[in-house]
Amino acid sequence: MKWVVTLFASAAAFAVTGCAPMPAASTAPTEKPAVSTEILRFEIPADALGAHDPQLGAILAKAGALAAAQKQPTTILVTALAQDLPYLNQAIWKGVPARHTVRLSLENMTAGARQPYSVSIKPTQGG
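Everything quoted here is computed from the prediction, not taken from an experiment.

### Thoughts on the overall build of the protein chain
- Across its full length, the protein chain holds 4 helices and 4 strands.
- When its helices and strands are written in sequence order, the protein chain yields α-β-α-α-β-α-β-β.
- Across the 127 residues of the protein chain, 35% fall into the buried class.
- For the protein chain, contacts bridging at least 24 residues in sequence account for 85% of all contacts bridging at least 6.
- For the protein chain, the accessible surface area stands at approximately 8000 Å², while carbon and sulfur atoms represent 59% of it.

Following this line, the structure appears as structure tokens:
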């Protein structure tokens, strides 16, 4: 499953390097662009999810470990069909150490028509 390696490598590179927006080349005063606070976001290929691919499970566990390693309260948002959420949640929690120090919140959102399945890790807002 070459796509899994590429997906994880891309996700890991993004998590390590971040993504800083480039300032607009304009002399007129403008509003500051919104800065993304996401730590990591990736889409889940439907075929890997349908097959409960072991490599997908490993990536989800690593996402859980990454969220648990943050110094601030962190939210993991999983977007998928309702019937897939228990599998995804369980795979993510497998990567969270029993004694993690950060407060983690796992939220689920049911995917709509033509909406990609995804996992997003970000600092918890207001908390």
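Picking up after the structure, the text goes on.
### Thoughts on unusual backbone geometry
- The phi dihedral of histidine 52 is positive, around 50°, even though this residue is not glycine.
- Within the element layout of this structure, histidine 52 appears in the loop between helix 2 (46-50) and helix 3 (54-68).
- Even without a glycine there, the phi angle at arginine 114 is positive, about 60°.
- With respect to the element layout, arginine 114 can be found in the loop between strand 3 (104-110) and strand 4 (117-123).

### Focus: the side chain of threonine 74
- Inspection of the secondary structure assignment puts threonine 74 in strand 2 (residues 74-80).
- A distance of 2.8 Å separates a polar atom in the side chain of threonine 74 from the backbone oxygen of glutamine 72.
- With residues near it in sequence (within four places) discarded, threonine 74 still touches Ile39, Ala67, Val102, Arg103, Leu104, Ser105, Ile121, Lys122, Pro123 and Thr124.

### Some words on the confidence of the model for the protein chain
- With 71% of its residues at a pLDDT of 70 or more, the protein chain shows a mean pLDDT of 81.
- Across residues 1-6 the pLDDT falls below 50, and counting only partners more than four positions away or on other chains, this stretch makes 7 contacts in the model.
- Ignoring residues within four places in sequence, the model shows residues 12-23, a span with pLDDT below 50, making 7 contacts including any to other chains.

### Examining the pairing of strand 1 (residues 40-44)
- Here strand 1 shows a buried face lined by Leu40, Phe42 and Ile44 and an unburied face lined by Arg41 and Glu43.
- With 5 bridges connecting them, strand 1 and strand 4 associate as antiparallel partners. Within strand 4, the residue paired with isoleucine 44 across the bridge is tyrosine 117.

Here is what the cut-offs are and how they apply
- Residues numbered from 1 in each chain as written.
- Predicted model: local features only at pLDDT ≥ 70, side-chain atom pairs only at ≥ 80, totals over all residues.
- Heavy atoms only, no water.
- Helix = DSSP H or I, 4+ residues; strand = E, 2+ residues; numbered from the N terminus.
- Buried < 20%, exposed > 50% of the residue type's maximum accessible area, 1.4 Å probe, protein only.
- Contact = heavy atoms within 4.5 Å.
- Areas by Shrake-Rupley, 256 points an atom, 1.4 Å probe, with all protein chains shown as cover.
- Polar contact = N/O pair within 3.5 Å; in protein donor to acceptor, adjacent residues only side chain to side chain.
- pLDDT = per-residue confidence, 0-100.
- Pairing = 2+ DSSP bridges.

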